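Residue strings, one per chain:
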Amino acid sequence: MQLQLFEFGLSAVDLEVLRMERAAISATRRSANTRIAYASDWRDFSRWCESAGRPTLPASPDTLSLYLVSQARAGKAPSTIGRRMVAIAAQHLAAGFASPATADVREVLSGIGRKLGTAPKGAKAALSVGELCQMLATCGDRPRGARDRALFLVGFASGLRRSELAGLDLADVGVEPQGLVLSIARSKTDQAGAGRLLGVHKGVRRPTCPMRAWSAWLLERGGFAGPAFVQLRTPGDAVTHKRLSGRAVAAVVQAAAK
């Protein structure tokens, strides 16, 4: 006799609904920029499969490896090719299929990295201490000079991105005897948003000490709650409560470097 699920208070499992929910949960773990990049990667892969006469979903490991090689021949950077492989694998898993990014495919990707190198195109050279001192010499004694000096030294000592520097609030900067403690709420590499604490040691020499530069800027800025680095009104360098954007941080650095 055939048993009915309803006799046990159970209903049929809708696998398609569960797959859609799983895909939505996975998507929330990625940043908006990552989701946009993944969508673009998947469209590119779909177009390539259509032109090659290969099925897209599910794709075979052979199809994926040939696609990766075609990307290398087209001059794509190894980092872009690697991201596209991850995006394709994520799309398969979200749809309930096995990932085509097998060990053999990852070996092909590794070979592409060895052949092309992993340094990103147009990478900027790191700033030397001597160049930093030359940039500091462009900072005047007015509030703008104090702000820019703190930007340069705190940024150089912490290694923060310009967006992370711009995103700091006054409450995120703690002053200890040994130096500064920065509370980074979220960064590009912190997809879970857990945050982290970052120490910036006190400098040996006064002109290049990030702690002294921060203290000097704080005297000009004042103790109001809000952004750590703010815009200054011209002329007069009057301190505002408006946050300095990441793009503005880049402009300040570029102007001093020139």
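Residues numbered from 1 in each chain as written. Predicted model: local features only at pLDDT ≥ 70, side-chain atom pairs only at ≥ 80, totals over all residues. Heavy atoms only, no water.

**With respect to helix 4 (residues 78–94)**
Thinking step 1. Spanning 17 residues, helix 4 covers 24 Å between terminal C-alpha atoms, matching the ideal 24 Å at 1.5 Å per step.
Thinking step 2. Every buried residue belonging to helix 4 is among Pro78, Thr80, Ile81, Gly82, Arg84, Met85, Ala87, Ile88, Ala89, Ala90 and His92, and all of these are buried.
Thinking step 3. At the C-terminal side of helix 4, Gly96 shows a positive phi close to 90°. (Helix = DSSP H or I, 4+ residues; strand = E, 2+ residues; numbered from the N terminus. Expected span 1.5 Å × (residues − 1). Buried < 20%, exposed > 50% of the residue type's maximum accessible area, 1.4 Å probe, protein only.)

**Considerations on the nonpolar core**
Thinking step 1. Ranked by size, the top nonpolar core spans 35 residues in total, and within it Phe152, Leu180, Leu182, Trp214, Trp217 and Phe229 carry the most contacts.
Thinking step 2. If you list the elements that add at least two residues to this core, you get helix 6 (129–136), helix 7 (143–158), helix 8 (162–167), strand 2 (179–184), strand 3 (196–201), helix 9 (210–221), strand 4 (230–233) and helix 10 (246–257).
Thinking step 3. Among the elements that line this core, the one with the most residues is helix 7, at six residues.
Thinking step 4. Phe152 has contacts with Leu132, Met135, Leu136, Cys139, Val252, Val253 and Ala256, leaving out every residue within four places of it along the chain.
Thinking step 5. In terms of nonpolar packing, the next biggest core, distinct from the first, is built from 17 residues, Met85, Ala89, Ala101 and Leu109 among them. (Core = buried A, V, L, I, M, F, W, Y, C linked by side-chain atoms within 4.5 Å. Contact = heavy atoms within 4.5 Å.)

**Here we look at the packing of aromatic side chains**
Thinking step 1. One pass over the full model with this rule turns up four aromatic pairs.
Thinking step 2. Centre to centre, the rings of Trp42 and Phe45 are 5.5 Å apart; their planes meet at 45°, and the pair counts as tilted. Here the residue Trp42 and the residue Phe45 both occupy positions in helix 2 (residues 32–52), the gap between them amounting to three residues, near one helical turn. Phe45 carries the same exposure label as Trp42, and that label is buried.
Thinking step 3. For the pair Trp214 and Phe229, a centre-to-centre distance of 5.9 Å together with 75° between the ring planes defines the contact as edge-to-face. With Trp214 in helix 9 and Phe229 in the loop between helix 9 and strand 4, this pair connects stretches of sequence that are 15 residues apart.
Thinking step 4. Cluster of aromatic residues (ring-pair linked, three or more members): Trp42, Phe45, Trp48 and Tyr67.
Thinking step 5. If you follow Arg221 out to its NZ or CZ, it ends over the ring of Phe224, 3.9 Å from the centre. (Phe/Tyr/Trp six-rings, centres within 6.5 Å; stacked < 30°, edge-to-face > 60°. Lys NZ or Arg CZ within 6 Å of the ring centre and 35° of its normal.)

**A word on the sheet that holds strand 3**
Thinking step 1. In spatial order, the strands read 1-2-3; together these three strands make up an open sheet with antiparallel pairing. On the outer flanks of this sheet lie strand 1 (173–176) and strand 3, each paired with one strand and no other. On average, each strand axis in the sheet is tilted by 25° relative to the strand beside it, whichever way the strands run.
Thinking step 2. Sheet topology note: the strand 1/strand 2 ladder contains four bridges and is antiparallel. Looking at the pairing, Glu176 lines up with Gly179 of strand 2. (Pairing = 2+ DSSP bridges. Axes fitted to C-alpha atoms, helices over the stretch in contact; angles between N-to-C directions.)

**Describing the packing of helix 7 against helix 10**
Thinking step 1. The interhelical angle for the contact between helix 7 and helix 10, taken along N-to-C directions, is 95°, at an axis separation of 11 Å. The orientation of helix 7 relative to helix 10 falls into the category roughly perpendicular. Across the interface between the two elements, Arg147, Asp148, Leu151 and Phe152 of helix 7 pack against Val249, Val252, Val253 and Ala256 of helix 10.
Thinking step 2. Grouping the constituent residues of the contact of helix 7 with helix 10 by class yields six nonpolar, no polar and two charged. (Parallel < 35°, antiparallel > 145°, perpendicular 65-115°, else oblique. Nonpolar A, V, L, I, M, F, W, Y, C, P; charged D, E, K, R; others polar.)

**As for the side chain of Gln71**
Thinking step 1. Mapping Gln71 onto the fold places it in helix 3 (residues 61–73).
Thinking step 2. Looking at Gln71, the relative accessible area reads 6%, which means it is buried.
Thinking step 3. Setting aside residues no more than four positions away along its own chain, Gln71 makes contact with Asp44, Lys76, Ile81 and Arg84.

**Observations regarding the pairing of strand 4**
Thinking step 1. Pairing geometry for strand 4 and strand 5 (residues 238–243), over three bridges, is antiparallel. Residue pairing in the sheet places Arg233 in a bridge with Ala238 of strand 5.
Thinking step 2. Hairpin connection, strand 4 to strand 5: the antiparallel pair is bridged by four residues, and Gly236 has positive phi, about 105°.

**Description of unusual backbone geometry**
Thinking step 1. Here the residue pair Leu57 and Pro58 is connected by a cis peptide bond, since its omega of 5° sits within 30 degrees of zero.
Thinking step 2. In this structure, Asp237 takes a positive phi of about 60° despite not being glycine.
Thinking step 3. Summarising the element assignment, Asp237 is placed in the loop between strand 4 and strand 5.

**Comments concerning the side chain of Thr240**
Thinking step 1. The topology assignment puts Thr240 in strand 5.
Thinking step 2. Within polar-contact distance, the side chain of Thr240 engages the backbone oxygen of Gln231 at 2.8 Å.
Thinking step 3. A distance of 3.2 Å separates a polar atom in the side chain of Thr240 from the backbone nitrogen of Lys242.
Thinking step 4. Contacts of Thr240, omitting those with residues within four sequence positions, involve Phe224, Val230, Gln231 and Arg233. (Polar contact = N/O pair within 3.5 Å; in protein donor to acceptor, adjacent residues only side chain to side chain.)

Geometry only, nothing functional implied.
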